[in-house]
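Residues per chain, in single letters:
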Amino acid sequence: MSSLLNIADRYAQVHADEYGIAQTPVPGVTIVRATMPSGLIHAISRPLVCLVLQGSKHVTMGADQFSFSAGDSLIITADVPTVSQIKQASLAAPYLSVVFDLDLAVIAELAVQMGPASDAHQASVRVETTDTEVADAALRLMRLLERPAAMPVLHAQLVREFHYWLLAGRHGPAVRRLGWPDSQARNVARAVAVIRAEFAKPLPVERLASIARMSPSSFHHHFRAATSLSPLQFQKQLRLIEARRMMLSEGVSASGAAFAVGYESVPQFTREYGRMFGLPPARDIKVARDMVRVAG
């Protein structure tokens, strides 16, 4: 994957922000570059596949832990809370990965042609050796960064090919379940989309269950099975993650961030923030900014 590594590194060196994130003009493709190990990074990840090109990373989801390095791919097939940490990175050999959002519409189209997924349980987070065909398709997609005139013509077919090889490879059964319109995964995903869009508002579980086409009790069960959280816990984590982003990237005060994401009590926000991130808001943001200055 040396060609893929070279393209990703060249682009990220020029375009990565202070946190090492380089959003690319290729829709759904992001490059992550780090020159030193990171602190803990909390997120509720969308369905995605992450191809690690250099360095190593550790991800925790609930009680499950995953370590992966160059040549591995991490796949996440549900909106799940993760805590990640870059473990191996240096100036001489930075951590580099390319993250591809999974396109559920493309998966649905391909799944119909390729047939149903296995009924066996598939974990929402998995690590496998990257399939050669997946890496080759990723390389062709990434080459669009250096040939922007080709993007309008080739992007859609290259995305389709990339997803085909995911479905045909090691991650296939887990990914293919996302493609069936009446699957529990797709039903839960509809409710998740509403929570993501309206996380700062009160969201009655009855409304979310209706969106997912389930009874409230069935919805609670399937939502937790897919995400490892209850709907309320999911919403709370989204609020806290967004509040942290606002304080870190926009300089918003703790109270301003608390009210912006839907909290009515700053002390409650501070308590829940400390439980999730390990430090009260002001101290956590100071530590995070100090780490960025050291890395720079």
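Residues numbered from 1 in each chain as written. Predicted model: local features only at pLDDT ≥ 70, side-chain atom pairs only at ≥ 80, totals over all residues. Heavy atoms only, no water.

K.L.:
Residues and numbers for helix α4 (residues 151-168), please.
P.N.:
Here α4 is 18 residues long and its end C-alpha atoms lie 25 Å apart, about the 26 Å a rise of 1.5 Å per residue gives. Within α4, burial applies to M151, H155, L158, V159, F162, H163, L166 and L167. Residues of α4 that are buried in the fold lie against β4 (48-54), β9 (95-101), α2 (104-114), α3 (132-142) and α5 (172-176). (Helix = DSSP H or I, 4+ residues; strand = E, 2+ residues; numbered from the N terminus. Expected span 1.5 Å × (residues − 1). Buried < 20%, exposed > 50% of the residue type's maximum accessible area, 1.4 Å probe, protein only. Contact = heavy atoms within 4.5 Å.)

K.L.:
Summarise the sheet that holds strand β1 (residues 21-23); cite the residues concerned and give the values.
P.N.:
Spatial strand order, β1-β2-β9-β4-β7-β10: six strands in an open sheet with antiparallel pairing. Only two strands of the sheet have a single neighbouring strand rather than two, namely β1 and β10 (125-129). Averaged over all adjacent pairs, the angle separating strand axes in this sheet is 20 degrees, with direction ignored. Two strands pair when backbone bridges link them, and β4 and β9 are joined in this way by six bridges, in the antiparallel orientation. Note on β9: the bridge partner recorded for V49 is F100. Those strands touched by helix α1 (residues 2-15) are β1, β2 (29-34), β4 and β9, and its axis lies near 80 degrees from that of β2. (Pairing = 2+ DSSP bridges. Axes fitted to C-alpha atoms, helices over the stretch in contact; angles between N-to-C directions.)

K.L.:
For the sheet that holds strand β5 (residues 56-61), give the residues involved together with the corresponding values.
P.N.:
Pairing is antiparallel across the open sheet formed by four strands, whose spatial order is β3-β8-β5-β6. Among the strands making up the open sheet, the edge pair consists of β3 (41-45) and β6 (64-69). Across this sheet, the average inter-strand angle for adjacent strands is 30 degrees, counted without regard to direction. The pairing of β3 with strand β8 (residues 80-88) spans five bridges and is antiparallel. Directly across from A43, in β8, lies its bridge partner T82.

K.L.:
Let's hear about the pairing of β5: which residues, and what values?
P.N.:
Buried residues dominate β5, accounting for five of its six residues. Pairing geometry for β5 and β6, over six bridges, is antiparallel. Its bridge partner lying in β6, H58 is registered against S67. Judged from the five bridges that link them, β5 and β8 form a sheet pairing that is antiparallel. Pairing of K57 across the sheet is with I86, part of β8.

K.L.:
An account of the packing of aromatic side chains is requested, with residue identities and associated values reported.
P.N.:
For the structure on display, the rule yields seven aromatic pairs. Relative to F162, the ring of F100 lies with its centre 4.5 Å away and its plane at 35 degrees, an arrangement referred to as tilted. Separated by 62 residues along the polypeptide, F100 in strand β9 and F162 in helix α4 bring together distant segments of the chain. When its relative accessible area of 2% is taken as the criterion, F100 is described as buried. F162 sits in the buried class, given a relative accessible area of 1%. Pairing F269 with Y273 gives two aromatic rings, centres 5.6 Å apart and planes at 55 degrees, and the pair type is tilted. (Phe/Tyr/Trp six-rings, centres within 6.5 Å; stacked < 30°, edge-to-face > 60°.)

K.L.:
Please set out the packing of α2 against α4 residue by residue, giving values where relevant.
P.N.:
α4 packs onto α2 with a crossing angle of 55 degrees between their chain directions and a minimal axis gap of 10 Å. The angle between the axes of α2 and α4 places the two elements in the oblique class. Crossing of α2 over α4 shows right-handed handedness. From α2, V106, I107, E109, L110, Q113 and M114 reach across to α4, where they touch V159, R160, H163, Y164, L167 and A168. (Parallel < 35°, antiparallel > 145°, perpendicular 65-115°, else oblique. Left-handed = near helix turned anticlockwise from the far one by under 90°.)

K.L.:
Outline the pattern of salt bridges, supporting the account with residue identities and numerical values.
P.N.:
A side chain of one charge can pair with a side chain of the opposite charge if their charged atoms are brought near each other. Counted under the stated rule, the structure contains 13 salt bridges. The salt bridge involving E161 is made with R140; its shortest N-O contact spans 2.3 Å. One end of the pair, E161, is in helix α4; the other, R140, is in helix α3, and 21 residues separate them in sequence. Overall, the relative accessible area of 24% leaves E161 in the partly exposed class. Judged by its relative accessible area of 32%, R140 falls in the partly exposed class. In this structure, E250 and R245 form a salt bridge, with 2.9 Å as the shortest nitrogen-oxygen distance. Using a relative accessible area of 47% as the deciding quantity, one classes E250 as partly exposed. Its relative accessible area of 36% is what places R245 among the partly exposed residues. (Salt bridge = Lys/Arg side-chain N within 4 Å of Asp/Glu carboxyl O.)

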